[in-house]
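These are the residues of each chain, in order.
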Amino acid sequence: QVQLVESGGGLVQAGGSLRLSCADSGRTFSSYAMGWFRQAPGKEREFVSTISWKGGNTVYADSVKGRFTISRDNAKNAVYLQMNSLKPEDTAVYYCAADPTVVGFLKGYRYLEVWGQGTLVTVSS
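So, a few notes on the structure that sits alongside this text. If you're wondering where the values come from, they're calculated on a predicted model, not measured in any experiment.

## Quick look at the environment of Gln-82
- By secondary structure assignment, the location of Gln-82 is in strand E8 (residues 78–83).
- Exposure remark for Gln-82: the relative accessible area of 26% places this residue in the partly exposed category.
- The residues touching Gln-82, leaving out its near neighbours within four places in the chain, are Ser-17, Leu-18, Arg-19, Arg-67, Phe-68 and Thr-69.
- Polar contacts involving the side chain of Gln-82 include one to the side chain of Asn-84, which spans 2.9 Å.

And the structure:
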């Protein structure tokens, strides 16, 4: 069973960087695609990025393309989201999720069943 714990959120000024981490305490991490969603206050949870279990396939939302980079280390059962050139509109709770394939992430958050508890990212202007 996959159990996810996010970390790395915090307060940063616009233009700054943060690196989110998601650790899996379960035993099947390496066989899952992993990814990130985010939810801003009063808004629906939205897709940010996903990475295949071997790391060879990555997908990004248009809003973060060129600024965010997703990666994973299967030996450490961890997935990361490097966020650069942060904007105030990136402010949200960021959630890590797991699914057998990256296609699951593209179907939307309601499709996914395995989630972390979330980590808050606040970008000040």
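Okay, back to it.
## Brief notes about the nonpolar core
- Core analysis: the largest hydrophobic core is formed by 32 residues, its most contacted members being Met-34, Trp-36, Phe-68, Val-79, Leu-81, Met-83 and Tyr-94.
- Of all the secondary structure elements, the ones that give two or more residues to this core are strand E3 (18–24), strand E4 (33–39), strand E5 (46–51), strand E7 (68–73), E8, strand E9 (92–99), helix H1 (102–106) and strand E11 (119–124).
- Counting residues per element, this core draws most heavily on E9, at 5 residues.

## Remarks on the pattern of salt bridges
- Under the criterion given, the structure shown has 5 salt bridges.
- Between Glu-44 and Arg-110 there is a salt bridge, and its shortest N-O distance comes to 3.1 Å. Separated by 66 residues along the polypeptide, Glu-44 in the loop between E4 and E5 and Arg-110 in the loop between H1 and strand E10 (114–115) bring together distant segments of the chain.
- Judged by relative accessible area, which is 48%, Glu-44 ranks as partly exposed.
- What makes Arg-110 exposed here is its relative accessible area of 64%.

Basis of the calculations
- Counting from 1, residues in each chain are numbered in the order their sequence is written.
- Only residues with pLDDT of at least 70 get local features here, since the model is predicted, and only at 80 or more are side-chain atom pairs given and counted; chain-wide, interface and lining totals rely on the full set of residues.
- Computation of side-chain values: all heavy atoms of the structure, hydrogens and water removed.
- Helix and strand assignments follow DSSP, with helices taken as H or I runs no shorter than four residues and strands as E runs no shorter than two, numbered in order from the N terminus.
- When a residue's accessible area, from a 1.4 Å probe over protein chains only, is under 20% of the maximum for its type it is buried; when over 50% it is exposed; and in between it is partly exposed.
- A contact between two residues is defined here by any heavy atoms of the two lying within 4.5 Å.
- What qualifies as a polar contact is a pair of N or O atoms within 3.5 Å, subject to a donor-acceptor requirement within protein and to the restriction that residues adjacent in sequence count only when both atoms come from side chains.
- Definition used in this section: a nonpolar core is a set of buried Ala, Val, Leu, Ile, Met, Phe, Trp, Tyr and Cys residues joined via side-chain atoms within 4.5 Å.
- Salt-bridge detection follows one rule: a side-chain nitrogen of Lys or Arg within 4 Å of a carboxyl oxygen of Asp or Glu.

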